[in-house]
Amino acid sequence: MQLYYLVLFYRFLATGDRFQYIHFNHRVGATTAGKIVAETCTAIWSVMSPMFLMTDPSPEKWKEISVRFEELWNFPNCCGAIDGKHVRIEAPWNSGSLFFNYKSYHSIILQAVVDAEGKFVAVDVGEAGKHSDGGVFYSSTFGRLFNDKKLNLPKPKTLFKTKTTNFPYVFVADEAYALSRHMMTPFNKNSLTRERRIYNYRQSRARRIVECAFGMMAKKFRVFELAMLTHPDKTKIIVLACCVLHNVIRVKEGTMSQVYDEMMNIEVECDNKQETSRARAAKAAYNIRENFKEYFNTEGSVPWQDKMAFV
């Protein structure tokens, strides 16, 4: 019987079938099918999330992630890429415009931090779609640890061979997030010089791994292709379970071929994003971004960046 329940569960995630379809095809009540999915997702999240997501951040773990970011995406001192994904849902009863997002559909937000290989480091799910990615991040558990400087990030280190400028360990994100000492965002597109274009390309090259993670997960679990006909609370646990299972698959496969395939479907810059943070950053954050810009245009340059930055 338990094996049969798992078959129903994986059918739901892999195909996105409605509970009514499962009811007709497997002779299980739609309500029972929904209960099976919810209980299985809860068990997966409770048991497997401590094993496959970062629950105890330490300087050593962040350094391991940053080494892979430099090897794969040529961005040193990077501890993760941050972004949000709108998970489409049917509008909950009597919710008004609470879940209606800027893309003109109803959703809840999956906020994620992703490592260099497309695995989720930390996830937060459940905020209504009308909220911005930046606002959701800073109200999440990871965001509060980030603001309170409790992530145990490694100490800054120098990247230049000829200078002693120290570079802090940072995360990369798009314009929806506020620039800060440990959060690098792109330069405004209205004031780009050659050097700034190259920085934006290098920053985007590292950041888009989070888009790849979302894309790979959505291809594996077709439940994301349709609006989920479940209550937001149940949708939340389904999304959390999918994030854990995505990490399990990435660990077991141990290959980057899917990441590179997904990269081919993602533009270097996402022009469809309509959210922009208006928060003013501290002067120190601007200086850190300028230091990264200088490094990427001098000692840290790569042969193809001029061609790619001006495509």
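Relevant structure appears above.
The structure presented is a predicted model; accordingly, all values stated were derived computationally and were not measured.

Peer 1: Sorry, what's going on with helix 8 (residues 209-220) here?
Peer 2: Because an α-helix packs 3.6 residues into every turn, residues spaced three or four apart end up facing the same way. In this model, helix 8 (12 residues) spans 17 Å end to end at C-alpha, consistent with the 16 Å of a helix rising 1.5 Å per residue. Buried within helix 8 are the following residues: Ile209, Val210, Cys212, Ala213, Phe214, Gly215, Met216, Met217, Ala218 and Lys220.

Peer 1: How should the packing of aromatic side chains be read in this particular structure?
Peer 2: For any pair of aromatic rings, the description consists of the separation of the ring centres together with the inter-plane angle of the planes. Summed over all chains, the structure comprises 20 aromatic pairs. Note on Phe146 and Phe171: the rings are 6.0 Å apart at their centroids and 65 degrees apart in plane angle, and the pair reads as edge-to-face. Separated by 25 residues along the polypeptide, Phe146 in helix 6 (residues 141-147) and Phe171 in strand 6 (residues 170-172) bring together distant segments of the chain. The pair Phe146 / Phe171 is uniform in exposure class, with both members buried. Its guanidinium or amino end placed over the ring of Phe160, Lys163 lies 5.1 Å from that ring's centre, counting from NZ or CZ. Positioned above the aromatic ring of Phe187 is the side chain of Arg289, whose terminal nitrogen or guanidinium carbon lies 4.1 Å from the ring centre.

Peer 1: I keep staring at the pattern of salt bridges and nothing clicks. Help me out?
Peer 2: Opposite charge on two side chains permits pairing when their charged atoms draw close. Summed over the entire model, instances satisfying the criterion amount to 12 salt bridges. Residues Glu195 and Arg194 are paired through a salt bridge, measuring 3.9 Å at the closest nitrogen-oxygen approach. Here Arg194 falls in the partly exposed class, since its relative accessible area comes to 39%. The partner of Glu290 in a salt bridge is Arg196, and the shortest N-O contact between them spans 3.9 Å. Taken together, the positions of Glu290 in helix 11 (residues 283-296) and Arg196 in helix 7 (residues 194-207) put the pair 94 residues apart, joining distant regions of the chain. Judged by relative accessible area, which is 28%, Glu290 ranks as partly exposed. Several salt bridges converge on common partners, so that one network encompasses Arg68, Glu71, Asp115, Glu117 and Lys119.

About the thresholds
Residues numbered from 1 in each chain as written. Predicted model: local features only at pLDDT ≥ 70, side-chain atom pairs only at ≥ 80, totals over all residues. Heavy atoms only, no water. Helix = DSSP H or I, 4+ residues; strand = E, 2+ residues; numbered from the N terminus. Expected span 1.5 Å × (residues − 1). Buried < 20%, exposed > 50% of the residue type's maximum accessible area, 1.4 Å probe, protein only. Phe/Tyr/Trp six-rings, centres within 6.5 Å; stacked < 30°, edge-to-face > 60°. Lys NZ or Arg CZ within 6 Å of the ring centre and 35° of its normal. Salt bridge = Lys/Arg side-chain N within 4 Å of Asp/Glu carboxyl O.

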